[in-house]
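Listed here are the chains, written in short residue letters.
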Amino acid sequence: MLLVSMVLFGLGLLAIVMIFGLAAAGYQNLPIWLNLATLLCPAGLIFGVVATIFRNRRR
């Protein structure tokens with residue numbers, strides 16, 4: 001589960017970097033899927049925290 005959260009966080013971070021790069025290149029109307037993909041970053045973070053809590057409770 002921790003690997004899934006890291007992948008989600010990485011994809012969200014990549015989307016954020018892409019938005020900054022496209023904004024620096026002068027693009028103004030970005031696709032909605034790219035804006036929604038940035039939500040993967042906090043989702044991955046939350047998922048990772050929850051996965052870590054459950055993993056430590058089992059011990």
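This text goes with the structure placed above it.
Here is a short report on the structure shown in this document. (Residues numbered from 1 in each chain as written. Predicted model: local features only at pLDDT ≥ 70, side-chain atom pairs only at ≥ 80, totals over all residues. Heavy atoms only, no water.)

1. Here we look at helix H3 (residues 40-58)
Under the 1.5 Å per step criterion, the end-to-end length of H3 is 27 Å for 19 residues, consistent within 8% with the ideal 27 Å. By the burial criterion, the buried members of H3 are Cys41, Gly44, Gly48 and Ala51. The buried side chains of H3 occupy one side of the element, clustering within an arc of 90° when seen end-on. Of the exposed residues in H3, the ones pointing more than 90 degrees away from its buried face are Ile46 and Arg57. Looking at the buried residues of H3, the elements they touch are helix H1 (2-24) and helix H2 (32-37). (Helix = DSSP H or I, 4+ residues; strand = E, 2+ residues; numbered from the N terminus. Expected span 1.5 Å × (residues − 1). Buried < 20%, exposed > 50% of the residue type's maximum accessible area, 1.4 Å probe, protein only. Arc of directions from axis to C-beta. Contact = heavy atoms within 4.5 Å.)

2. Some points on the packing of H1 against H3
The relative placement of two packed helices is expressed as an angle between their axes plus a distance between the axes. In the contact formed by H1 and H3, the axes pass within 7 Å of each other and the chain directions differ by 160°. One element, H1, and the other, H3, form an angle in the roughly antiparallel class. Relative to H3, the crossing made by H1 is left-handed. Together, Leu2, Val4, Ser5, Leu8, Phe9, Leu11, Gly12, Leu13 and Ile16 of H1 and Leu40, Cys41, Gly44, Leu45, Phe47, Gly48, Thr52 and Arg55 of H3 make up the contact between the two elements. Residue composition of the contact of H1 with H3, by class: 11 nonpolar, 5 polar and 1 charged. (Axes fitted to C-alpha atoms, helices over the stretch in contact; angles between N-to-C directions. Parallel < 35°, antiparallel > 145°, perpendicular 65-115°, else oblique. Left-handed = near helix turned anticlockwise from the far one by under 90°. Nonpolar A, V, L, I, M, F, W, Y, C, P; charged D, E, K, R; others polar.)

3. Here we look at a nonpolar patch on the surface
A surface patch of nonpolar side chains, amounting to about 1,100 Å² of accessible area, comprises Leu2, Leu3, Met6, Val7, Leu11, Leu14, Met18, Ile32, Trp33, Leu36 and Leu39. As for its position among the elements, Leu39 is in the loop between H2 and H3. (Patch = residues over 30% accessible without salt bridge, like charges linked within 9 Å, V, L, I, M, F, W, Y side chains within 5 Å. Areas by Shrake-Rupley, 256 points an atom, 1.4 Å probe, with all protein chains shown as cover. Salt bridge = Lys/Arg side-chain N within 4 Å of Asp/Glu carboxyl O.)

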